[in-house]
Amino acid sequence: MNKIDTVSDTILQSKRVVVFTGAGISTESGIPDFRSPGGIWDKSDPNELTYQKFLASEVSREKYWEFSKLMWPKIRDAKPNLGHYAIAELYRLGKLNCVITQNVDGLHQKSGVPEEEVIELHGTVKWIICLECGARYPRRQIHSRLESGEKVPRCGICGGILKSATISFGQPMPERETRQAETRSAVCDLFLVAGSSLVVYPAARMPLIAKDNGAKLIIINLMPTPHDHYADIVIYEKTGKTLPQIVEQVKAKLN
Ligand SMILES: [Zn+2]
């Protein structure tokens, strides 16, 4: 029996399947992996982009918005790939409890997984938040202000500092999402990692929480991860190739 067969059987035998995704699934949709060597952060000084520097310096904020202005159209226009669609298909088949993602691009929702079943651990690029009063602005609104020449947009209500609703290096994790992810990880019976190198914490703790609570752990990633030795099955392959094969098998066996 090959690994694809075993994974599809494991999915069929499981009642609560959590899929955990990272940058690897989105690079196949043309979204750069910010944290890998050669990723887009390499082109600027990553220290400039920590949360602390962002708060402390207008120059850092100007660089941040310059970068955001450049990146947003790429993310806005990105399309889900076969890996995303395979996960959405699992949902339609009644075999997906939720997606926990480190990605901020919204591609799981675009592929058809309902908003409420996607836990975004590192936030989302879709919204801009005022750090003073908490007001939320749609990204396109702030983007058009940047396009018309504003360098560092401020909150229209209180004049506070605006920032993308994503989690930057050095910024605290969102409490609600982190708690939700921990709970779902603890109660699932299968935790499937797709396209994450499992090095960014606390996100990388989720598979361990699942495993410690008795779930099976499957990891699909192009490169080895530090958690491979905990996993029941590890597949070194692109998610856009492997996930559709797995879901095809699940479908075939359901019929
Ligand atoms: Zn405000």
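Residues numbered from 1 in each chain as written. Predicted model: local features only at pLDDT ≥ 70, side-chain atom pairs only at ≥ 80, totals over all residues. Heavy atoms only, no water.

A.B. asks: What am I meant to see in the overall build of the protein here?
C.D. replies: On a plain count of helices and strands, the protein comes out with 10 helices and nine strands. Taken over C-alpha atoms, the radius of gyration comes to 19 Å for the protein, in line with the 18 Å a tight globule of 255 residues would show. For the protein, the spread of C-alpha atoms along the principal axes amounts to about 60 × 35 × 30 Å. Residue pairs at least 24 apart in sequence account for 69% of intrachain contacts in the protein once pairs closer than 6 positions are excluded. Accessible surface, the protein as shown: approximately 12,100 Å² in total, 53% of it carbon and sulfur. In the protein, 33 side chains carry a positive charge and 29 a negative one; their mean positions are 2 Å apart. (Helix = DSSP H or I, 4+ residues; strand = E, 2+ residues; numbered from the N terminus. Rg over C-alpha atoms; globule rule 2.2 N^0.38 Å. Contact = heavy atoms within 4.5 Å. Areas by Shrake-Rupley, 256 points an atom, 1.4 Å probe, with all protein chains shown as cover. Lys, Arg positive; Asp, Glu negative; His and termini not counted. Charge placed at Lys NZ, Arg CZ, Asp CG, Glu CD.)

A.B. asks: Looking at this structure, how should I read the sheet that holds strand β8 (residues 216-220)?
C.D. replies: What holds strands together in a sheet is hydrogen bonding between their backbones, with the strands either parallel or antiparallel. Pairing is parallel in the open sheet, where six strands are placed in the order β3-β2-β1-β7-β8-β9. At either margin of the open sheet sits one strand with a lone partner, and together these are β3 (118-120) and β9 (233-235). Across the sheet, the axes of successive neighbouring strands diverge by a mean angle of 15°, strand direction being ignored. Relative to the sheet, helix α8 (residues 175-187) contacts β1 (17-21), β2 (98-101), β3 and β7 (190-194), its axis offset from that of β3 by approximately 130°. Against the sheet, helix α10 (residues 239-254) makes contact with β7, β8 and β9, and its axis sits at roughly 135° relative to β8, the strand it touches most. (Pairing = 2+ DSSP bridges. Axes fitted to C-alpha atoms, helices over the stretch in contact; angles between N-to-C directions.)

A.B. asks: Would you explain the coordination of the zinc ion in this entry?
C.D. replies: Reference geometry at the metal: tetrahedral coordination by four donors gives ideal angles of 109.5 degrees; octahedral coordination by six donors gives 90 or 180 degrees. Those protein atoms acting as donors to the zinc ion are Cys-130 (SG), Cys-133 (SG), Cys-155 (SG) and Cys-158 (SG), and they sit at 2.3 to 2.4 Å. Around the zinc ion sit four donor atoms; with metal-centred angles ranging over 98 to 115°, the donor geometry is tetrahedral. Counting gaps between the donor residues of the zinc ion yields the pattern C-x2-C-x21-C-x2-C. Of the two residues, Cys-133 is situated in the loop between β4 (123-130) and β5 (136-138) and Cys-158 in the loop between α7 (139-147) and β6 (162-166); the sequence distance between them amounts to 25 residues. A residue is classified by how much of its surface remains accessible, and Cys-133, at 41% relative accessible area, is partly exposed. (Donors = N, O, S within 2.8 Å, 3.2 Å for Na, K, Ca; no water. Tetrahedral: all angles 85-135°; square planar, octahedral: opposite > 155°, others 65-115°. Buried < 20%, exposed > 50% of the residue type's maximum accessible area, 1.4 Å probe, protein only.)

A.B. asks: Would you mind showing me how to read the side chain of Asn-103 here?
C.D. replies: Locating Asn-103 in the fold gives a position in the loop between β2 and α6 (107-111). Separated by 3.2 Å, the side chain of Asn-103 and the backbone nitrogen of Ala-23 make a polar contact. Every residue in contact with Asn-103, bar those within four places of it in the chain, is listed here: Thr-21, Gly-22, Ala-23, Ile-25, Ser-26 and Gly-123. (Polar contact = N/O pair within 3.5 Å; in protein donor to acceptor, adjacent residues only side chain to side chain.)

A.B. asks: Explain the environment of Cys-158 to me, please; I cannot follow it from the model alone.
C.D. replies: Residue Cys-158 is classed as partly exposed on the basis of its relative accessible area of 40%. Placed 15 residues apart in sequence, Cys-158 and His-143 show a C-alpha to C-alpha distance of 19 Å.

A.B. asks: Which parts of the structure should I look at to understand α7?
C.D. replies: Three or four residues apart is the spacing at which side chains of an α-helix point the same way, because the helix has 3.6 residues per turn. Along α7, the positions that sit buried rather than exposed are Arg-139, Ile-142, His-143 and Leu-146. The arc enclosing the buried residues of α7, seen along the axis, measures out at 105°, which places them on a common side. Elements that come into contact with the buried residues of α7 comprise α4 (58-77), β4, β5 and β6. Note on α7: the residue one or two positions beyond its end, Gly-149, has a positive phi of about 115°. (Arc of directions from axis to C-beta.)

A.B. asks: Explain the packing of aromatic side chains to me, please; I cannot follow it from the model alone.
C.D. replies: For any pair of aromatic rings, the description consists of the separation of the ring centres together with the inter-plane angle of the planes. Taken as a whole and judged by the stated rule, the model has three aromatic pairs. Centroid distance Phe-20 to Phe-191: 5.7 Å. Interplanar angle 35°. Geometry classified as tilted. Remark: Phe-191 occurs in strand β7 and Phe-20 occurs in strand β1; sequence separation between them is 171 residues. On the basis of relative accessible area, Phe-191 is assigned to the buried category, the value being 0%. Connected via pairs of aromatic rings, a cluster forms that spans Phe-54, Tyr-64 and Trp-65. (Phe/Tyr/Trp six-rings, centres within 6.5 Å; stacked < 30°, edge-to-face > 60°.)

A.B. asks: I keep staring at the packing of helix α1 (residues 3-13) against α10 and nothing clicks. Help me out?
C.D. replies: Each pair of packed helices can be summarised by the angle the axes make with each other and by the distance between the axes. Where α1 meets α10, the closest approach of the two axes is 9 Å, and the angle between their N-to-C directions is 55°. In terms of orientation, α1 and α10 fall into the oblique class. As α1 packs across α10, the resulting crossing turns out to be right-handed. For the pair α1 and α10, the contacting residues are Ile-4, Asp-5, Val-7, Ser-8, Asp-9, Ile-11 and Leu-12 in the first and Thr-242, Gln-245, Ile-246, Gln-249, Val-250, Lys-253 and Leu-254 in the second. Of the residues that constitute the contact of α1 with α10, the class distribution is seven nonpolar, four polar and three charged. (Parallel < 35°, antiparallel > 145°, perpendicular 65-115°, else oblique. Left-handed = near helix turned anticlockwise from the far one by under 90°. Nonpolar A, V, L, I, M, F, W, Y, C, P; charged D, E, K, R; others polar.)

A.B. asks: For this particular structure, what's the right way to read the nonpolar core?
C.D. replies: In globular proteins that are soluble, nonpolar side chains generally tend to be buried together. One finds Val-7, Ile-11, Ile-87, Leu-192 and Leu-243 to be the most contacted residues of the largest nonpolar core, which totals 25 residues. Listed by contribution, the elements that provide at least two residues to this core are α1, β1, α5 (82-92), β7, β8, β9 and α10. The residues contacting Ile-11, other than those within four sequence positions of it, are Val-17, Leu-90, Lys-95, Leu-190, Leu-192, Ile-246 and Val-250. (Core = buried A, V, L, I, M, F, W, Y, C linked by side-chain atoms within 4.5 Å.)

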